[in-house]
Each structure stands twice: as C-alpha cells, then as structure tokens.
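Chain by chain, the residues run as shown.
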Amino acid sequence: MSDLVLGISAYYHDSAAALVRDGKPVAAAQEERFTRRRHDSAFPAHAVAYTLGEAGATLADVSAIAYYEDPALKFRRVLATYLGAVPFGLSSFRDTLPDWWTSKRRIVDVVRRELAGLDLGPVPEISYRRHHESHAASAFFASPYESAAVLCVDGVGEWATTTIWHGQGTRLKPVVEIRFPHSLGLLYSAFTYFCGFKVDSGEYKLMGLAPYGEPRYADLIRERLIDLKADGSFRLNMRYFEYLRGQVMTGRGFEKLFGGPRREPEAELTRREFDLAASVQLVTEEAVLKLARTARELTGESRLCMAGGVALNCVANGKIVADSVFDELWVQPAAGDAGCALGAALAVALDRGAGRAHVGTGRDAMSGALLGPSYSDDRIADYLTAGGIPYRRLEPAALAAEVAKAIAAGKVVGWFQGRMEFGPRALGARSILGDARDPRTQSVMNLKIKFRESFRPFAPSVLADDAKDFFDLPQDSPYMLVVAPIAEAARRTVEEDSGLTGLDLLKVPRSVIPAVTHVDYSARVQTVRQRDNPAYHQLLLALKEETGSSVVVNTSFNVRGEPIVNTPHEAYTCFMRTDIDLLAIGGFLLSKADQPEWKEELDWRTEVPLD
Amino acid sequence: MRKAILTIAYVLFVIPAGLVIRVLRDPMRRSWTRGRDSYWQNSGG
C-alpha cells in the first residue's frame, strides 16, 4: 500500500503543493500557475487539487500533511524583531501584529480549515518541518547522492538564514547556522530594492545587470555593510538596513553611502546601478564560496547540495563549480520557497520509513523537474477545434524536424510539451525557443515577445553530450542553475567596443551563439538528456541535424509580469499577444500567418502588472 | 480604534521591554566583533 505525503508552502510568497509517494515526488506545482497571480502567496488550493488528481487520490488516501515551517518559532522571531527595533518599529508593529495574532501563529489550524474546505476527503494529521530543514530536504533527499554536504541560504525562515547540514542516506543532520537579521538573501534584496527592482522577484535582474558594471563599491560593502569571516559566517551592519523597522529594505544610510536616493522603478539605469550590481554580486559570490568550503570542511563530503533563494544565484553556483572545492554540485530546481513544499513532504515521508530508491541509479528524484500538469493530444484537439483555431497535426519526429527548420530560419517558436516544470525555470516543457546563432534574436525576443528590459540575457539549452563544445562546464546542468563561461573555441574576437558603454555592449557578438552570450562571455546553461525530456531532446537532435549545433535560446513561455503558461488556452493567448511565429503544442503545429485576428476588449498590457 | 490601541501598547509595553532586553541581551546580536574568527552558531535546525 502506497504512503502518500502532501507538502504545502503558503502565505509568504510562492505557495505550492507537492505530493510524494513512498518517498518519490509524483506531482508538484506552484499556485501562481493556476491563479495567474505571479508569486501567489495564497493557500495553494488549486495546486493541492492538481497534485491529488495527478495521483488519482483524495485526502483520504494521504497519510500526512507536511507544512514547510514552524509558525510558533517564526512568531517568536517576529516578536523579537518588534522588541529589537524599538523605538522605530511602530508602523511595522501596527501593520503586521494583528494578522500574526489572529491567524499566522496558528497556521496549522488555518491550513486544516482550508483543506477541509476543498471537499477532497477527511484531512489527515498536519505536521510541520522547519523552513531550512524543508529547504535542506528538498535539496538532499531529491539529489542523486547517498551522502552530501547541504548548504541552504535564503532571506530568512524562522530564525535561520544560512544553514549547513550533513545528509547521509535517509537522514539529515543540522551542523551550524547563521540567524536573522544577518542574511545574505536580505543583503542582496536590499540592493535589489535600492536599484529599483522588486524584492523577492527582481534579484535575478540585479544578477543579470552585474556583468555591465565594475565592482567599485565592493570594498565599501565589505567595510561598512558585512563583516564576512574566512569561514563564510557573517554579520550585517544593521544601521544601514531598514527591514527590522519597517516594510522597506534601505533608508538614508544607504543613500549617504552610495551617493543618492534609490533608483525609482522603471527609471533609466545608470552607471551607479551597474556598479552596485557588480559589487554586491562579487561580495555574494565570495560569501557563497567561503560557505561552500566550510561545508566541505565540516562534513568531509565531496558533493554539495543547495537550496534556498540564494541558490537561484546561478552565477555564484557557477563559481562553486569552477572552484572545484566539491566534485559535484546539485541544486534543487525549485530552490525557493515553493520547493519547501516538496522538502517538507520528503522529510515527513522519510521519517515515516520511505526510502530513496533512486540513489545508486545516477539519477535524481525530480523527473527532470517535470512534475506539473500535462494535456493530452485529445484535450488539445478539443480546445483547438472548439476555438476554430487552424492547426496541423504531426507525428513527433516530423514536428521536431519542422520546428528545428523554423528555428534555423530565425523564427521564434512557442514550445508546449508534456508535464509543466516545477520551479522558476522553463526547461523545454513551457518554453519559447529561438536561434542562438543569430545576433538579432536577443533584441527581437526581448522587445517583441517578452516586452522587457533589454539588458537581460537569454539562456541556452544544449544536448548534454555537446555542452563541452560551447561551454566550460565540467558537469551536467539540467535545471539551468549554473552559469558557465563560453568555451574558448566558441568565442569570437571582438574589435574594440567602439566606445559602446552600458547596455549597448550586449549588441556586440562575442561568440558563435551570440543570443545567449552575456557581455562577460557567460551563459546560464541547461544540459538536456533524453531520459529527462525525450521530446525536447528529439527537437535538439533535429536542430543539430539542421544547423550543426544543438544550442537553442530557451526562455520561459510568458510575457513579462505573468507566470509561465500552464494550459493550452494560456499558451495560445500568449502566442497571439506576441510576435511568436509558430506554436508547437502537443502533436499540433500552429502558424501565426494562418491565425484569425486576435481581439481583446482590454489592452492586456494594462492587466498584467510589471514584475 | 485598533490602530490607537496598538500604538498605546507599543509605547507603554513594547518600547520599555525592548530597551531593557537590548541592554541585557540583544536578540538581534547586532554587534560586529572584528577579532572573532566566526559567527557560526550551533544549529537549532
């Protein structure tokens, strides 16, 4: 008889549900994909219903519910923060205490009520795992390793912001930690805020901005903002941060230190923001490298697993790989709080006696991170037919060949195949694809499809066996969470940049795959193996046959500000709202030229909030 | 009304308690100690 455990993360950001059967993840999804509210923090009712439906189960079949943090411990931290911020924290106290007092400290009761309200059967026992334990479990128990060091770095859970663990078999032992308010995640978020981006969603924009700048503020950051020890432990100088007192990250201290007020959102980026991004990125990389080395020293392990929001900093991850302090690095694809739903479920499942059957096979337990909903060709056909949408139906090999030809000819293709990804990255299930060889692809896709700032680079997928021809990457990167340098053989000599500065530097082709090469010759790589995603693998093979190269631009199937598409309707809507040329959805190929005129009552750009 | 009650509670109870606790043992552990080798704490999990 199977043992089902349902994990839930909710109420802060990136709510999610994950279902584990006998220790193996069988379904997981973020709530935002169903509600279309980016980073939705509401109770993940839709995600819960989906995961149970995918397993053909109800709550009556579930042995245990696992919630991803300890609400009582978190409340004690919140109280300590109120006390610690006096006499300045009045507005935060007034704004947040009522919610904490009435519901957040009794979250298990709230979750029980919400689950009962779904009418999916009687609610089983609900337990919790601490936030960093949930992260650590999502990283280690899902990894391919029998034993490993585990490093979790984020904004904050209950108290812990940085933790090192030792994973062995079905056990995870906590080793050391750093506590709030000292947080690498909050340091990075402070700079995200100061540079005019949204906290908790704009951090990767700051990371993408860093290569344009010089780290001329790095010394100032080390002297005044963070005391970083050789072993990676650190404390922040709280005089410069406002998050203890209120709902903003920085105040006058930052303005004085960095020569002026914060950049307003959507204002023009200046040299200062480029250099601030470069500076905090450099300091963060230094800290993460030192943390990784300490994790090695304290555990004696040669493999490292990572999770927590800072583990989404794939540039820092790339430095760990290049440093070779570990033989291998594995990062949980849902490294943020959504992945905690999975981690909590795995932790409870293994406590109940489940094993890690995948260990020893060389594979992880994530099924390529393809744990979300899929739509059969029959369902897609019904949707297309009901909408009077013109299409052609093709066998998989023919579809792959035709899409490859289109990409080679410079077309942009929406690719909607199989189960949806779990985690923030598109991995060839809900992707928009383009020609990596063409220097025009970057600006075309940015402006006409993503409607987004032009400084952000796109990322490549490549057949795992071909990766070494294009990237200096000594290991697989199946979840696009490692940035690697472009291989020397793939680089192009660049003339003097002709006095180009700032964002214009991106226009200079620097390699044979210019659309995915950043200004510092780096790329955020996804290596693709047939076992993880057969359809995508088949497409890249067809592309290689067509062009000699299996590298493709892979960006997420959405416009700026909306979550990645989930359903055929959302895919078609995004296709029609943008200048995507073709849509390959299941066994069907749709050409933009054949489509009827797209009409909407409202301008959708006013409906989708900018991220 | 709720805002007023919370303000009074903050002024009468939270501020004095916070100041006393900060003098005795700052829960936020804000001070830097340049001479220390490490800020790691034993893990509470």
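Residues numbered from 1 in each chain as written. Chains lettered and ligands numbered in written order. Predicted model: local features only at pLDDT ≥ 70, side-chain atom pairs only at ≥ 80, totals over all residues.

1. Notes on the environment of D3 of chain A
Residues and elements named next belong to chain A.
Working step 1: Mapped onto the elements, D3 comes out in the segment before β1 (4–9).
Working step 2: Considering only alpha carbons, one finds D3 and G23, 20 residues apart in sequence, at a separation of 8.1 Å.
Working step 3: Residues within four places of D3 in sequence aside, it is in contact with D22, S63, A349, R352 and A354. (Helix = DSSP H or I, 4+ residues; strand = E, 2+ residues; numbered from the N terminus. Contact = placed C-beta atoms within 7 Å.)

2. Some details on unusual backbone geometry
Among all residues except glycine, the phi angle is most often negative; among peptide bonds, the trans geometry is most common.
Residue and element names in this part refer to chain A.
Working step 1: Residue P87 is bonded to the preceding V86 through a cis peptide linkage, with omega at 5°.
Working step 2: By the element assignment, P87 lies in the loop between α3 (71–85) and α4 (90–102).
Working step 3: The backbone of S324 sits at a positive phi, close to 60°, despite the residue not being glycine.
Working step 4: Residue placement: S324 occurs in the loop between α12 (314–323) and β12 (328–331).

3. Some thoughts on the nonpolar core
Working step 1: Counting residues in each nonpolar core, the largest one holds 198 residues, and the members touching the most others are V150, L151, L304, A341 and A345 of chain A.
Working step 2: Considering every element that reaches this core, the biggest residue donor is helix α11 (residues 271–299) of chain A, with twelve residues.
Working step 3: Each residue touching L304 of chain A, except ones within four places of it in the same chain, is listed here: A148, A149, L151, A292, A295, I320, F326 and L329 of chain A.
Working step 4: Listed in part, the seven residues of the second largest apolar core include L83, A85 and F93 of chain A together with V14 of chain B. (Core = buried A, V, L, I, M, F, W, Y, C linked by C-beta atoms within 7 Å. Buried ≥ 20, exposed ≤ 12 C-beta atoms within 10 Å, placed from the backbone.)

4. Observations concerning the packing of α3 of chain A against helix α1 (residues 2–25) of chain B
Working step 1: Remark: α3 of chain A packs on α1 of chain B, axes separated minimally by 7 Å, with the N-to-C direction vectors making an angle of 85°. Accordingly, the angle class assigned to the pair α3 of chain A and α1 of chain B is roughly perpendicular. Side by side, α3 of chain A and α1 of chain B meet where Y82, L83 and G84 of chain A of the first sit next to V14, A17, G18, I21 and R22 of chain B of the second.
Working step 2: Among the residues forming the contact of α3 of chain A with α1 of chain B, the class breakdown is five nonpolar, two polar and one charged. (Axes fitted to C-alpha atoms, helices over the stretch in contact; angles between N-to-C directions. Parallel < 35°, antiparallel > 145°, perpendicular 65-115°, else oblique. Nonpolar A, V, L, I, M, F, W, Y, C, P; charged D, E, K, R; others polar.)

5. Observations regarding the pairing of strand β15 (residues 430–435) of chain A
All names here are of chain A.
Working step 1: The element β15 is largely enclosed, with a buried count of six among its six residues.
Working step 2: Here strand β14 (residues 413–416) runs beside β15; their pairing, made up of four bridges, is antiparallel. Each residue of the ladder has a partner; that of W415, found in β15, is S431.
Working step 3: Bridge count for β15 against strand β19 (residues 552–556) is five bridges, and the pairing is antiparallel. Bridging from a neighbouring strand, D435 pairs with V552 of β19. (Pairing = 2+ DSSP bridges.)

6. Describing the sheet that holds strand β5 (residues 126–128) of chain A
Residue and element names in this part refer to chain A.
Working step 1: Taken together, five strands build an open sheet; the order of strands is β3-β2-β1-β4-β5 and the sheet is mixed. The sheet terminates laterally at β3 (24–30) and β5, the two strands that pair on one side only. The mean angle between the axes of side-by-side strands here comes to 20°, regardless of whether they run parallel or antiparallel.
Working step 2: Sheet contacts for helix α2 (residues 45–54): β1, β2 (16–21) and β3; angle to β3, the most-contacted strand, approximately 150°.

7. Notes on helix α13 (residues 338–351) of chain A
All names here are of chain A.
Working step 1: With 14 residues, α13 extends 21 Å from end C-alpha to end C-alpha; this agrees with the ideal 20 Å at 1.5 Å per step.
Working step 2: The buried fraction of α13 amounts to 13 of the 14 residues, a majority that puts the element mostly inside the structure.
Working step 3: Just past α13, the residue G353 takes up positive phi, approximately 110°. (Expected span 1.5 Å × (residues − 1).)

8. Description of the confidence of the model for chain B
Working step 1: Predicted confidence across chain B gives a mean pLDDT of 87, with 96% of residues reaching 70 or more.
Working step 2: For this predicted complex, the interface confidence comes out at an ipTM of 0.91, alongside a pTM of 0.96. (pLDDT = per-residue confidence, 0-100.)

9. Looking at the interface of chain A and chain B
Interface extent is often summarised as the accessible area lost during association of the parts.
Working step 1: The interface of chain A with chain B comprises 30 residues on the first partner and 27 residues on the second.
Working step 2: Elements represented by at least two residues in the side of chain A that touches chain B include exactly α3, α4, β8 (171–179) and β10 (234–236) of chain A.
Working step 3: Ranked by residues supplied to the side of chain A that touches chain B, first place goes to β8 of chain A with six residues.
Working step 4: In terms of residue class, the side of chain A that touches chain B is built from 17 nonpolar, four polar and nine charged.
Working step 5: Pairing geometry for β8 of chain A and strand β1 (residues 41–42) of chain B, over two bridges, is antiparallel. Looking across to β1 of chain B, one finds that V176 of chain A is bridged to N42 of chain B.

10. Quick notes on helix α6 (residues 131–140) of chain A
All names here are of chain A.
Working step 1: Among the ten residues of α6, ten are classified as buried, and the element is accordingly described as predominantly covered.
Working step 2: Taken together, the buried positions of α6 are occupied by H131, H132, E133, S134, H135, A136, A137, S138, A139 and F140.
Working step 3: Where α6 is buried, its residues meet β6 (147–153), β7 (160–168), β8, β11 (303–307) and α13.

11. As for the sheet that holds β6 of chain A
Working step 1: Here six strands make up an open sheet; going across it, the order is β12(A)-β11(A)-β6(A)-β7(A)-β8(A)-β1(B) and the pairing mixed. Each end of this open sheet is capped by a strand with a single partner; those strands are β12 of chain A together with β1 of chain B.
Working step 2: Sheet strands touched by α6 of chain A: β6, β7, β8 and β11 of chain A. Its angle to β6 of chain A, the strand with the most contacts, is close to 135°.
Working step 3: Across the sheet, α11 of chain A touches β6, β7, β8 and β11 of chain A, and the angle it forms with β6 of chain A is around 145°.

12. Some remarks on the pairing of β11 of chain A
The side chains of a regular strand alternate between the sheet's two faces.
All names here are of chain A.
Working step 1: Of all five residues in β11, five are buried, a share of seventy percent or more.
Working step 2: Residues R303, C305 and A307 line one face of β11 and the alternating positions L304 and M306 line the opposite face, and both faces are buried.
Working step 3: Examined bridge by bridge, β6 and β11 share four bridges and lie parallel to one another. Counterpart to A149 in the pairing with β11 is L304.
Working step 4: Both β11 and β12 contribute to a ladder of four bridges, which runs parallel. Counterpart to R303 in the pairing with β12 is E328.
Working step 5: What joins β11 to β12 is α12, and the crossover it makes is right-handed. (Right-handed = clockwise from strand over helix to strand, strands pointing away.)

13. Comments concerning the domain arrangement of chain A
All names here are of chain A.
Working step 1: Examined at the domain level, chain A breaks down into domain 1 (4–68 + 70–128 + 337–365), domain 2 (179–329) and domain 3 (377–607).
Working step 2: Centre-to-centre separation of domain 1 and domain 2, based on C-alpha positions: 27 Å.
Working step 3: In this assembly, eleven residues from domain 1 lie in contact with eight residues from domain 2.
Working step 4: Of all the secondary-structure elements, those providing two or more residues to the side of domain 1 that touches domain 2 are α3 and α4.
Working step 5: No other element matches α3, which puts four residues into the side of domain 1 that touches domain 2.
Working step 6: Partitioning the side of domain 1 that touches domain 2 into residue classes produces two nonpolar, eight polar and one charged. (Domains from an automatic or database assignment.)

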